[in-house]
Amino acid sequence: MQRILANPALEAQPNFESAAYVGWLNALVAGGMAREDALEQMAEGWRLERQECIVLWQQQNEEDACTLQEQLERERAEKEAEEQLERREAEKKKPKINDFDDGAVVADVIIPRPSQYAIQRIKNMEYVELWYFSPDGCHEASTTSRSTSDSDDAFGFAKVDGVVALKTIASFKASQKALQDHDLSWRQFDLAKTSFLVHIEKNNWPQKHQQALALFFTLITNHEHRMRPRGEKALLRYAGFVCREWHDRLAQDQGFNIGLFNNALYNLILLDVAQPDGLGGEW
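Everything numeric here is computed off the predicted structure, so don't read it as measured data. (Residues numbered from 1 in each chain as written. Predicted model: local features only at pLDDT ≥ 70, side-chain atom pairs only at ≥ 80, totals over all residues. Heavy atoms only, no water.)

**Student:** Whenever I open this one, the overall build of the protein confuses me. Can you help?
**Tutor:** Looking only at helices and strands, the protein features 8 helices and 2 strands. In sequence order, the secondary structure elements of the protein are arranged as α-α-α-α-β-β-α-α-α-α. Long-range contacts, defined as pairs at least 24 residues apart, comprise 61% of the intrachain contacts of the protein with a sequence gap of at least 6. About 19,800 Å² of surface is accessible on the protein, with carbon and sulfur atoms providing 52% of the total. (Helix = DSSP H or I, 4+ residues; strand = E, 2+ residues; numbered from the N terminus. Contact = heavy atoms within 4.5 Å. Areas by Shrake-Rupley, 256 points an atom, 1.4 Å probe, with all protein chains shown as cover.)

**Student:** Can you walk me through unusual backbone geometry in this structure?
**Tutor:** What is expected of a backbone is that most residues other than glycine have negative phi and most peptide bonds are trans. The phi angle at Met125 is positive, at roughly 55°, despite the residue not being glycine. Looking at the element boundaries, Met125 is found in the loop between α3 (116-123) and α4 (135-147).

**Student:** For this particular structure, what's the right way to read the packing of aromatic side chains?
**Tutor:** For any pair of aromatic rings, the description consists of the separation of the ring centres together with the inter-plane angle of the planes. Considering all chains together, one arrives at 15 aromatic pairs under this definition. Consider the rings of Phe16 and Tyr21, whose centres lie 4.9 Å apart with planes at 70°: the pair is edge-to-face. Linked through ring pairs, Phe133, Trp186, Phe189, Phe196, Trp205, Phe216, Phe217, Tyr238, Phe261 and Tyr266 together constitute an aromatic cluster. (Phe/Tyr/Trp six-rings, centres within 6.5 Å; stacked < 30°, edge-to-face > 60°.)

**Student:** What's the story with the pattern of salt bridges in this structure? I'm lost.
**Tutor:** Inspection of every chain in the model, using the stated rule, returns 11 salt bridges. The residue Glu17 makes a salt bridge to Arg35 at a minimum N-O spacing of 3.5 Å. Taken as a pair, Glu17 in the segment before α1 (22-30) and Arg35 in helix α2 (residues 35-93) lie far apart in primary sequence, 18 residues in all. On the accessibility criterion, Glu17 (48% relative accessible area) is partly exposed. Since its relative accessible area comes to 42%, Arg35 is described here as partly exposed. The shortest N-O distance in the salt bridge between Asp272 and Arg237 comes to 3.3 Å. In this pair, Asp272 sits in helix α8 (residues 263-274) while Arg237 sits in helix α7 (residues 231-251), placing the two residues 35 residues apart along the sequence. We note that Asp272, like Arg237, is buried. In the salt-bridge network here, residues are joined through shared partners; they are Glu40, Glu44 and Arg47. (Salt bridge = Lys/Arg side-chain N within 4 Å of Asp/Glu carboxyl O. Buried < 20%, exposed > 50% of the residue type's maximum accessible area, 1.4 Å probe, protein only.)

**Student:** Whenever I open this one, the side chain of Ser115 confuses me. Can you help?
**Tutor:** Residue position: Ser115 is located in the loop between α2 and α3. Contact partners of Ser115, with chain neighbours within four places excluded, come to Tyr132 and Ala141.

**Student:** What's the story with the environment of Asp248 in this structure? I'm lost.
**Tutor:** With respect to the helices and strands, Asp248 occurs in helix α7. By relative accessible area, which is 34% here, Asp248 ends up partly exposed. Taking the C-alpha atoms as reference points, Asp248 and Glu126, separated by 122 residues in sequence, lie 9.1 Å from one another.

**Student:** I would appreciate a short explanation of a negative patch on the surface in the present structure.
**Tutor:** On the surface, Glu75, Glu78, Glu80, Glu82, Glu83 and Glu86 cluster together into a patch of negative charge. You can see Glu78 is positioned in helix α2. (Patch = residues over 30% accessible without salt bridge, like charges linked within 9 Å, V, L, I, M, F, W, Y side chains within 5 Å. Lys, Arg positive; Asp, Glu negative; His and termini not counted. Charge placed at Lys NZ, Arg CZ, Asp CG, Glu CD.)

**Student:** What's the story with α7 in this structure? I'm lost.
**Tutor:** Residues spaced three or four apart along an α-helix point in a common direction, a consequence of the helix completing one turn every 3.6 residues. Helix length check: α7 (21 residues) gives 30 Å between terminal C-alpha atoms against 30 Å at 1.5 Å per residue, within 8%. Phi turns positive one or two residues past the end of α7, at Asp253, with a value near 60°. (Expected span 1.5 Å × (residues − 1).)

**Student:** Which parts of the structure should I look at to understand the packing of helix α6 (residues 207-221) against α7?
**Tutor:** How two helices pack is summed up by the angle between their axes together with the distance between the axes. Relative to each other, α6 and α7 sit at 165°, their axes nearing to 10 Å. Taken as axis vectors, α6 and α7 run roughly antiparallel relative to one another. Viewed along their axes, α6 and α7 form a crossing whose handedness is right-handed. Counted together, His209, Leu213, Phe216 and Ile220 of α6 and Leu235, Tyr238, Ala239, Val242, Cys243, Trp246 and Leu250 of α7 form the full contact between these two elements. Partitioned by chemical class, the residues of the contact of α6 with α7 number 10 nonpolar, 1 polar and no charged. (Axes fitted to C-alpha atoms, helices over the stretch in contact; angles between N-to-C directions. Parallel < 35°, antiparallel > 145°, perpendicular 65-115°, else oblique. Left-handed = near helix turned anticlockwise from the far one by under 90°. Nonpolar A, V, L, I, M, F, W, Y, C, P; charged D, E, K, R; others polar.)

**Student:** Whenever I open this one, the nonpolar core confuses me. Can you help?
**Tutor:** One recurring pattern in soluble globular proteins is that nonpolar side chains are buried together. If you look at the biggest cluster of nonpolar residues, it comprises 35 residues, and the most contacted ones within it are Phe196, Phe216 and Ile220. Among the secondary structure elements, those contributing two or more residues to this core are α3, α5 (186-202), α6, α7 and α8. If you tally residues by element for this core, the top one is α7, at 9 residues. Residue contacts for Phe216: discarding those within four places in its chain leaves Tyr238, Ala239, Val242, Cys243, Ile258 and Gly259. Phe16, Leu25, Leu39 and Met42 belong to the second-largest nonpolar core, a separate cluster that totals 8 residues. (Core = buried A, V, L, I, M, F, W, Y, C linked by side-chain atoms within 4.5 Å.)

**Student:** Just checking my understanding: could you explain the side chain of Glu140 for this structure?
**Tutor:** Among the structural elements, Glu140 can be located in helix α4. Here Glu140 is buried and forms no salt bridge, its nearest opposite-charge partner Lys177 lying at an N-O distance of 4.7 Å. Apart from the residues lying within four places of it in its own chain, the contact partners of Glu140 are Trp131, Ser175 and Lys177.

Below, the structure is given as structure tokens:
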């Protein structure tokens with residue numbers, strides 16, 4: 001149906017005696033109708049048509065109002081959906097903090113925190129020197145973190161699982177003060193391995209690997225040769241070399257059980273350490 005552009009109720013009745021309607025009027029009169037009756041019929045016809053237009057106008061307005069209402073509701077629903085999506089995205093970006101146990105107290109002993117470099121190596125389940133977990137290594141990490149400049153917060157590219165990613169420079173910046181495991185003092189080694197075991201547990205290393213390493217360190221620290229001359233030195237060298245070899249073999253998918261003590265290898269190391277100028281040879 002063609003739209004009605006103006007309100008027909010406001011339309012004035014036309015003058016049917018004017019020149020515009022003379023043809024219609026004359027036709028009615030010629031048909032035998034009196035002039036006054038013809039004018040009345042023309043006026044009545046206009047009024048009926050006008051009334052029909054008024055009804056159609058009202059229906060058109062009602063339909064327009066419904067269409068507008070539907071459009072407003074649709075726009076409001078779309079806006080609410082957009083706002084809800086924005087709130088969800090903002091909630092995702094909002095910093096999170098976990099809940100805590102009301103009855104729990106801090107542990108009796110707090111393990112010192114190693115450097116970001118060491119923590120990243122642990123997260124990646126890669127080899128890292130025990131020195132980083134020793135009191136000296138943790139103290140150096142604490143001192144460095146307090147004195148870092150803004151430039152140390154810069155990012156660099158690193159390859160993780162075959163994908164190049166941005167990481168902080170500190171996360172792959174080794175310390176120049178780090179010692180090889182076999183160069184640690186016995187006390188440094190003993191304290192560092194405890195911290196190391198705690199951190200691999202925190203970072204969800206496989207239980208099988210954790211148990212093997214725990215047994216490995218227990219066999220080292222409780223070995224009977226600790227009481228012999230150069231015994232601790234030989235045990236430290238065995239621990240350092242075997243631990244590094246274990247990680248290398250794991251990377252090659254040729255892993256062995258580090259928890260099994262190899263007496264033959266240890267005796268070779270002990271013999272080498274016993275030499276007056278024993279520099280370790282190929283060790």
